[in-house]
2 protein chains.
Amino acid sequence: MARAATTTDPFNAVAEPRRRQILDLLAGGERAVGDLVEELGLGQPQVSKHLRVLREVGLVKAREEGRRRLYRVDGRALKPIHDWVKGYEALWSERFELLDDVLEDLEKERSDDTRD
Amino acid sequence: MARAATTTDPFNAVAEPRRRQILDLLAGGERAVGDLVEELGLGQPQVSKHLRVLREVGLVKAREEGRRRLYRVDGRALKPIHDWVKGYEALWSERFELLDDVLEDLEKERSDDTRD
DNA sequence: AATATATATACCGATATCGGCATATGTCAA
DNA sequence: TTGACATATGCCGATATCGGTATATATATT
């Protein structure tokens, strides 16, 4: 055994900042690969490769138009992430933030007490 | 240049399935490392390493109790992910799903037309 | 003080990843 | 048909990652 699966799920696909950037651009509407290359300042092969990953996890769909390929987001693939994160949503409400701060203060006091 | 930053942000921290598992366990309340080791069926060093990553991105906090170390989730570090994904939330509403299906059908028809 | 228990760190090998470059494939234009 | 343009794929080197094993560190127990 060596390493876990990688580019097989949306979590991993989206872990790469460039790919999030690509999705953010595509959120503004369909774009051809060349446009993305320009806007990202990255090599064309690199962009194509990122798009491949996004395609494989279903995060983008492609449409052929002449010799260009127009990509668009398919947000449905993000739902698993959304659902997972949503389970933790309560944890960053103000009251929980406060609770966490209090806990940290208590800890600090405790360790301050420790010194003699 | 070789590779982008990795374990520096919550997106990456959470891309690893084991770490999500750990967070899910901790969501049920504070646990010591040993407990997690048992529940995950993973080596203790591995668990400690995953916890280190989670600690470094602020996803968990530790509290010392004797020779044990009790970890708990700090959901605030998930907010960036939540916020980012939320921007795409509209895209998986029923109407958009429908739209996407229609677009795919259109494409299919188009390529069917192509054969002669 | 010596031992046991709990956790963290260091090192290793295998592999996946990312960007860069060259090239293949496919489509339009002359 | 030949050549330009658009995109995808293949190969490379550098590096990060993951699990495994051994070991260090710290705290409790005897």
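Residues numbered from 1 in each chain as written. Chains lettered and ligands numbered in written order. Predicted model: local features only at pLDDT ≥ 70, side-chain atom pairs only at ≥ 80, totals over all residues. Heavy atoms only, no water.

Colleague: Explanation requested: the overall build of chain A in the structure shown.
Modeller: Scanning chain A from N- to C-terminus turns up 6 helices and 3 strands. Its helices and strands taken in sequence order, chain A reads α-α-β-α-α-β-β-α-α from the N to the C terminus. When the 116 residues of chain A are sorted by exposure, 37% land in the buried category. Carbon and sulfur atoms provide 49% of the accessible area of chain A, an area that totals close to 7200 Å². (Helix = DSSP H or I, 4+ residues; strand = E, 2+ residues; numbered from the N terminus. Buried < 20%, exposed > 50% of the residue type's maximum accessible area, 1.4 Å probe, protein only. Areas by Shrake-Rupley, 256 points an atom, 1.4 Å probe, with all protein chains shown as cover.)

Colleague: What's the story with the packing of aromatic side chains in this structure? I'm lost.
Modeller: Aromatic ring pairs are reported here in terms of the distance separating the ring centres and the angle at which the planes meet. Under the definition given, this model contains 4 aromatic pairs over all chains. An angle of 55° between the planes, with centres 5.0 Å apart, marks the rings of Trp 84 of chain A and Tyr 88 of chain A as tilted. Tyr 88 of chain A gets classed as buried once you look at its relative accessible area, which sits at 4%. Taken together through their ring pairs, the aromatic side chains of Phe 11, Trp 84 and Tyr 88 of chain A make up a single cluster. Lying across the ring of Phe 11 of chain B, Arg 20 of chain A places its NZ or CZ 3.8 Å from the centre. (Phe/Tyr/Trp six-rings, centres within 6.5 Å; stacked < 30°, edge-to-face > 60°. Lys NZ or Arg CZ within 6 Å of the ring centre and 35° of its normal.)

Colleague: Please explain the sheet that holds strand 3 (residues 68-73) of chain B as it appears in this structure.
Modeller: In a beta sheet, neighbouring strands pair by backbone hydrogen bonds and run either parallel or antiparallel. Residue and element names in this part refer to chain B. Read from one edge to the other, the open sheet built from 3 strands follows the order 1-3-2, with strand pairing classed as antiparallel. Where the open sheet ends on each side, the last strands, each with one partner, are strand 1 (31-32) and strand 2 (60-65). Running at roughly 95° to strand 3, helix 2 (residues 17-27) makes contact with strand 1, strand 2 and strand 3 of the sheet. (Pairing = 2+ DSSP bridges. Contact = heavy atoms within 4.5 Å. Axes fitted to C-alpha atoms, helices over the stretch in contact; angles between N-to-C directions.)

Colleague: Honestly, the pairing of strand 2 of chain B in this entry has me stumped. Any pointers?
Modeller: A regular strand carries its side chains on alternate faces of the sheet. Residues and elements named next belong to chain B. Of the pairings in the sheet, the one linking strand 2 to strand 3 comprises 6 bridges and is antiparallel in character. Within strand 3, the residue paired with Glu 65 across the bridge is Arg 68. Hairpin connection from strand 2 to strand 3: 2 residues lie between these consecutive antiparallel strands, with Gly 66 at a positive phi of about 65°.

Colleague: Mind showing me how you'd approach helix 4 (residues 44-56) of chain A here?
Modeller: Residues spaced three or four apart along an α-helix point in a common direction, a consequence of the helix completing one turn every 3.6 residues. Residues and elements named next belong to chain A. If you check helix 4, its first and last C-alpha atoms are 18 Å apart, about what 13 residues at 1.5 Å a residue would give, namely 18 Å. In this structure, the buried residues of helix 4 make contact with helix 1 (10-15), helix 2 (17-27), helix 3 (33-40), strand 2 (60-65) and strand 3 (68-73). In the stretch just after helix 4, Gly 58 is the one whose phi turns positive, near 80°. (Expected span 1.5 Å × (residues − 1).)

Colleague: Would you mind going over the pattern of salt bridges with me for this structure?
Modeller: Working definition: two side chains of opposite charge can pair if their charged atoms are close together. Residue and element names in this part refer to chain A. Applying the stated rule across the entire model yields 16 salt bridges over all chains. A salt bridge links Lys 79 to Asp 83, with the nearest nitrogen and oxygen atoms 3.0 Å apart. Taken together, the residues Lys 79 and Asp 83, both in helix 5 (residues 79-86) and 4 residues apart, mark about one turn of the helix. A salt bridge links Lys 86 to Glu 89, with the nearest nitrogen and oxygen atoms 3.1 Å apart. Given the relative accessible area of 26%, Glu 89 is considered partly exposed. (Salt bridge = Lys/Arg side-chain N within 4 Å of Asp/Glu carboxyl O.)

Colleague: What is the right way to look at the environment of Ile 81 of chain A in this model?
Modeller: Within the fold, Ile 81 of chain A resides in helix 5. Owing to a relative accessible area of 3%, Ile 81 of chain A belongs among the buried residues under this scheme. When the C-alpha atoms of Ile 81 of chain A and Pro 10 of chain A are compared, they prove to be 7.4 Å apart, with 71 residues separating the residues in sequence. Beyond its immediate sequence surroundings of up to four residues, Ile 81 of chain A is in contact with Pro 10, Phe 11 and Val 14 of chain A together with Ile 81 and Val 85 of chain B.

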